[in-house]
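Examining the three-dimensional arrangement
Spelled out from the first residue to the last, the chains are:
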Amino acid sequence: MSLSHFRLDGKVALVTGSNRGIGLATAKLFAEAGASVLLTARHETDEVRALVASDPARFAWLAADVTDPTIGEKLTEATLDKFGRLDVLVNNAGVAANGNFHEFDDEQLEFIMGTNFTAPFRIARAAIKPMLAQGGGTVVNVGSISGYVANHPQLQVAYNSSKAAIHQMTKVMAFEYAARNIRVNAIAPGYVISDMTQGAIDKGEWSRIWADNTPMGRFGTTEEMANCALFLACPASSYVTGAILVADGGYLTR
Ligand code: NDP
């Protein structure tokens, strides 16, 4: 083993939800580690536009909504068209919504499960096919500590359930493809500073409770999550499959 095993030279990655936050940090780190990256989300941000313009051979962008039933085929084909192969999928796009269980309506339920579970399922299902044809690949799903606990103080039953489902999908996929050189793992972030949490962090009321319940006493950064995704995506983790890498400042220790 050498440090070169922590790199992704010559690899091609597809990272969903990569116009900002954890997805963008992951796309940038993967490129630094040597990969070419297809970035995708619904809205092209200035940062993504500048990134793609800075190195069009290494980065590509596709605007797409992951709730489109054909999203798996669309993203896989776009990656193959641009880069000729697909080695790493990071299923990162996700949304959250708050509400009591007894008042959580069907529209909200579909919004959360459609984005956080059905979409990653469809995208992984399509992305696995070229990986099988190439003889290998890696999938990194973005779960959450929310897959293990009831979020507090915000009530998020659908979000919690969608992340538990992603963890289970990760394990079953890992089992199914372990002998075919495709590793499937997940990261389970704790509270991370991003657009998803910034509103609550600014208000302070909830985020004080989140920080108090985090033994490290601070929130994670998008770069810290990208580091975990890189480890799971690269050959350094060659004997790791079906793992859920918790990165939460110690939140789940009690
Ligand atoms: P952001 O809100 O910053 O990023 C969410 C990303 O998902 C954006 O790129 C967004 O782009 C994309 N997205 C949302 N809906 C869709 C859609 N329908 N189609 C395509 N893309 C979509 O949050 P984070 O970076 O924090 O979140 C990334 C992942 O990390 C999520 O899965 C989240 O659940 C998970 N996570 C985050 C934690 C945190 O504390 N921040 C903790 C634990 C897990 P656009 O809206 O333009 O489509």
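This text goes with the structure placed above it.
Residues numbered from 1 in each chain as written. Predicted model: local features only at pLDDT ≥ 70, side-chain atom pairs only at ≥ 80, totals over all residues. Heavy atoms only, no water.

Following the criterion strictly, the structure yields 1 cavity of 30 Å³ or more and no others. In this structure, the largest cavity spans a volume of roughly 30 Å³. Every residue lining the largest cavity is listed: Thr16, Val66, Asn91, Asn92, Ala93, Thr115, Ala119, Pro120 and Ile123. Tallying contributions element by element places helix 4 (residues 106–134) first for the lining of the largest cavity, with 4 residues. Looking at the lining of the largest cavity, its residues break down into 5 nonpolar, 4 polar and no charged. (1 Å grid on protein atoms, 1.4 Å probe; cavity = no way out; pocket = protein on both sides within 12 Å on 5 of 7 lines; lining within 4 Å. Points joined across faces, edges and corners; volume = space filled by probe spheres on them. Helix = DSSP H or I, 4+ residues; strand = E, 2+ residues; numbered from the N terminus. Nonpolar A, V, L, I, M, F, W, Y, C, P; charged D, E, K, R; others polar.)

Looking now at the layout of surface pockets. Taken as a whole, the largest pocket holds about 930 Å³ of empty space. Of all elements in the fold, only helix 1 (21–32), strand 2 (36–41), helix 4, helix 5 (157–177), helix 6 (195–203) and helix 7 (205–212) reach the threshold of two or more residues within the lining of the largest pocket. With 4 residues, the single largest contributor to the lining of the largest pocket is helix 6. For the lining of the largest pocket, the class distribution of residues is 20 nonpolar, 21 polar and 5 charged. Forming the walls of the second largest pocket are 16 residues, and the residues nearest its centre are Lys11, Gly136, Gly137, Thr138 and Asn181. A breakdown of the residues in the lining of the second largest pocket according to their chemical character gives 5 nonpolar, 7 polar and 4 charged.

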